[in-house]
Amino acid sequence: EGHVAILMAVYDGARSLQGQLQSLMDQTHTNWQLLCSDDGSSDNSAALLEQFAGQHSDYVTCLHGPGQGAARNFLYLIREAAQHCDPGAWMAFCDQDDVWLSDRLSRGMAALRREDDETPALYCSRTWITDEALNGRRLSVARPKPPGFRNALVQNIASGNTILLNPAAARLISEAANEVSDVVVHDWWVYQLITGAGGRVIH
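The notes below deal with the structure included here. The shown structure was predicted, so the numbers you read here are calculated from the model rather than taken from an experiment.

**Thoughts on the pairing of strand β2 (residues 32–38)**
The element β2 is extensively covered by neighbouring structure, given that 7 of its 7 residues are classed as buried. Here β2 shows no split at all, with Trp-32, Leu-34, Cys-36 and Asp-38 on one side and Gln-33, Leu-35 and Ser-37 on the other all buried. In the sheet, strand β1 (residues 4–10) pairs with β2 via 7 bridges, with the strands oriented parallel. Paired with Ile-6 across the bridge in β2 is Leu-34. Bridge count for β2 against strand β3 (residues 60–64) is 5 bridges, and the pairing is parallel. Bridge pairing in β3 links Cys-36 to Cys-62. This β-α-β element, β2 to helix α2 (residues 45–55) to β3, shows right-handed connectivity.

**Quick word on the nonpolar core**
Counting residues in each nonpolar core, the largest one holds 33 residues, and the members touching the most others are Phe-93, Leu-122, Leu-165 and Trp-189. Those elements that place two or more of their residues in this core are β1, α3 (70–84), β4 (90–94), α6 (167–177) and α7 (186–196). The element contributing the most residues to this core is α3, with 6 residues. Leave out the neighbours within four places in its chain, and Trp-189 touches Leu-75, Ile-78, Ile-173, Ala-176, Ala-177, Val-180 and Val-183. Val-10, Val-60, Leu-105 and Met-109 belong to the second largest nonpolar core, which has 26 residues in total.

**Comments concerning the side chain of Asp-98**
Along the chain, the position of Asp-98 falls in the loop between β4 and α4 (104–112). Buried and unpaired, Asp-98 has no salt bridge, with Arg-104 as the nearest side chain of opposite charge at 7.0 Å. Among the polar contacts listed, one links the side chain of Asp-98 to the side chain of Asn-161, at a separation of 2.9 Å. In contact with Asp-98, not counting residues within four places along its chain, are Gly-19, Gln-20 and Asn-161.

**Digging into the layout of surface pockets**
There is about 990 Å³ of room inside the largest pocket. Considering the residues around the largest pocket, the lining is formed by 31 residues, among which Asp-98, Val-99, Thr-127, Trp-128 and Asn-161 are closest to the centre. For the lining of the largest pocket, the secondary-structure elements that each account for two or more residues are α1 (14–25), α4 and β6 (128–129). No other element matches α1, which puts 3 residues into the lining of the largest pocket. Classifying every residue of the lining of the largest pocket by side-chain character gives 10 nonpolar, 10 polar and 11 charged. Put simply, the second largest pocket is a space of about 190 Å³. What lines the second largest pocket is a set of 14 residues, and nearest its centre among them are Ala-82, Asp-86, Pro-87, Gly-88 and Ser-174. Counting only elements with at least two residues in the lining of the second largest pocket, the list comes to α3, β4 and α6. At 4 residues, the largest contribution of residues to the lining of the second largest pocket is made by α6. Grouping the constituent residues of the lining of the second largest pocket by class yields 10 nonpolar, 2 polar and 2 charged.

Definitions and limits used
- Residues numbered from 1 in each chain as written.
- Predicted model: local features only at pLDDT ≥ 70, side-chain atom pairs only at ≥ 80, totals over all residues.
- Heavy atoms only, no water.
- Buried < 20%, exposed > 50% of the residue type's maximum accessible area, 1.4 Å probe, protein only.
- Helix = DSSP H or I, 4+ residues; strand = E, 2+ residues; numbered from the N terminus.
- Pairing = 2+ DSSP bridges.
- Right-handed = clockwise from strand over helix to strand, strands pointing away.
- Core = buried A, V, L, I, M, F, W, Y, C linked by side-chain atoms within 4.5 Å.
- Contact = heavy atoms within 4.5 Å.
- Lys, Arg positive; Asp, Glu negative; His and termini not counted.
- Salt bridge = Lys/Arg side-chain N within 4 Å of Asp/Glu carboxyl O.
- Polar contact = N/O pair within 3.5 Å; in protein donor to acceptor, adjacent residues only side chain to side chain.
- 1 Å grid on protein atoms, 1.4 Å probe; cavity = no way out; pocket = protein on both sides within 12 Å on 5 of 7 lines; lining within 4 Å.
- Points joined across faces, edges and corners; volume = space filled by probe spheres on them.
- Nonpolar A, V, L, I, M, F, W, Y, C, P; charged D, E, K, R; others polar.

Function-wise, these values are silent; they only describe arrangement.
Structural data, given as structure tokens:
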């Protein structure tokens, strides 16, 4: 079954990191590795990540980010994934203040699997919004316009914390990341690239 590289950009996320890390461990799809990058946190985020990596050294790698904000930290992670993660891996983005549903990875992979797996493909979804204790659950705003490049030029429907890329899309994003030094937000950039290259998007 497919191997997934999970990229997590972190900055002062200690209050919520434990819940997110545990939700990674609870995934029904277990063939993954985590590449996390602390961007110079002033809290104990780095220590929590290092502790987690020490407990799971076979599939967790901690890096020190460029210290230039979330978008550049995610670009850094995308570039570093080529060095630290298995070639041919799927790619998912991970926010420090989320808790993933246990089928987050398996659901996305099932949606994207097709015979023409050389076509770049992106899966994204709506999210459950809650308070810090995961109470008061409500669904995020609907995105009624169909996904595509025309839409991607003016609106981002692909929330980074829900994005999963098939291996062809992950390769495309990795190559593109070597050609840019900065983007406004990583998820919108990824959505524009995949649709601009004629890839599939499932929302």
